[in-house]
Amino acid sequence: EFIRSYYFNKMELARFSSSVGKFVGFTEFGVKNAANWNKDASILSRMRAQKETYCVNHVQNKYAAVLTKS
């Protein structure tokens, strides 16, 4: 799962979760931003593609590193 969180003053404003597939806001400001980001298909597709970039391509390396240490 790919999660990108946005914080300000140690408070989480909004988060993109690949399992949900959209942004979710946690404060009034975060909800407004999440709604705007969810309207833009290019932002959503970019965030979904980052799951492939970060998670799928690196999971085999991380999994192999854990197995060699146990």
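Summary of the structure given here. Quick caveat, the model's predicted, so the values are computed rather than measured. (Residues numbered from 1 in each chain as written. Predicted model: local features only at pLDDT ≥ 70, side-chain atom pairs only at ≥ 80, totals over all residues. Heavy atoms only, no water.)

Some words on the pattern of salt bridges
Here comes step 1: In total, this model carries two salt bridges according to the counting rule given.
Here comes step 2: Residues Glu12 and Arg15 are paired through a salt bridge, measuring 2.9 Å at the closest nitrogen-oxygen approach.
Here comes step 3: The closest approach of N and O atoms between Glu28 and Lys32, which form a salt bridge, is 3.7 Å. Here Glu28 and its partner Lys32 are both found in helix H1 (residues 28-39), four residues apart, which amounts to about one turn of the helix.
Here comes step 4: For Glu28, a relative accessible area of 62% corresponds to the exposed category. (Salt bridge = Lys/Arg side-chain N within 4 Å of Asp/Glu carboxyl O. Helix = DSSP H or I, 4+ residues; strand = E, 2+ residues; numbered from the N terminus. Buried < 20%, exposed > 50% of the residue type's maximum accessible area, 1.4 Å probe, protein only.)

Some details on a nonpolar patch on the surface
Here comes step 1: A cluster of nonpolar side chains, Val20, Val24 and Phe26, forms an exposed patch at the surface whose accessible area comes to about 250 Å².
Here comes step 2: With respect to the element layout, Val24 can be found in strand S3 (residues 22-25). (Patch = residues over 30% accessible without salt bridge, like charges linked within 9 Å, V, L, I, M, F, W, Y side chains within 5 Å. Areas by Shrake-Rupley, 256 points an atom, 1.4 Å probe, with all protein chains shown as cover.)

Regarding the pairing of strand S2 (residues 11-17)
Here comes step 1: The buried fraction of S2 is high, at five of seven residues.
Here comes step 2: Sheet topology note: the strand S1 (residues 3-8)/S2 ladder contains six bridges and is antiparallel. Considered in S2, the bridge of Ser5 is made with Arg15.
Here comes step 3: The antiparallel hairpin formed by S1 and S2 contains two residues in its connecting segment, where Asn9 sits at a positive phi of about 55°.
Here comes step 4: As defined by bridge partners, S2 adjoins S3 across four bridges and the pair is classed as antiparallel. Note that in S3 the partner of Ala14 across the bridge is Gly25.
Here comes step 5: Linking S2 back to S3 in an antiparallel pair, the connection comprises four residues, with Gly21 at a positive phi of about 85°. (Pairing = 2+ DSSP bridges.)

Observations regarding the sheet that holds S1
Here comes step 1: Pairing in this open sheet of three strands is antiparallel, and the strands run S1-S2-S3 from one edge to the other. In this open sheet, the two edge strands, each paired with only one partner strand, are S1 and S3. Averaged over all neighbouring strand pairs, the angle between strand axes comes to 20°, with direction disregarded.
Here comes step 2: Sheet strands in contact with H1 are S1, S2 and S3, and its direction is about 165° off that of S3.
Here comes step 3: Of the strands in this sheet, S1, S2 and S3 are in contact with helix H2 (residues 41-56), which crosses S3 at around 100°. (Axes fitted to C-alpha atoms, helices over the stretch in contact; angles between N-to-C directions. Contact = heavy atoms within 4.5 Å.)

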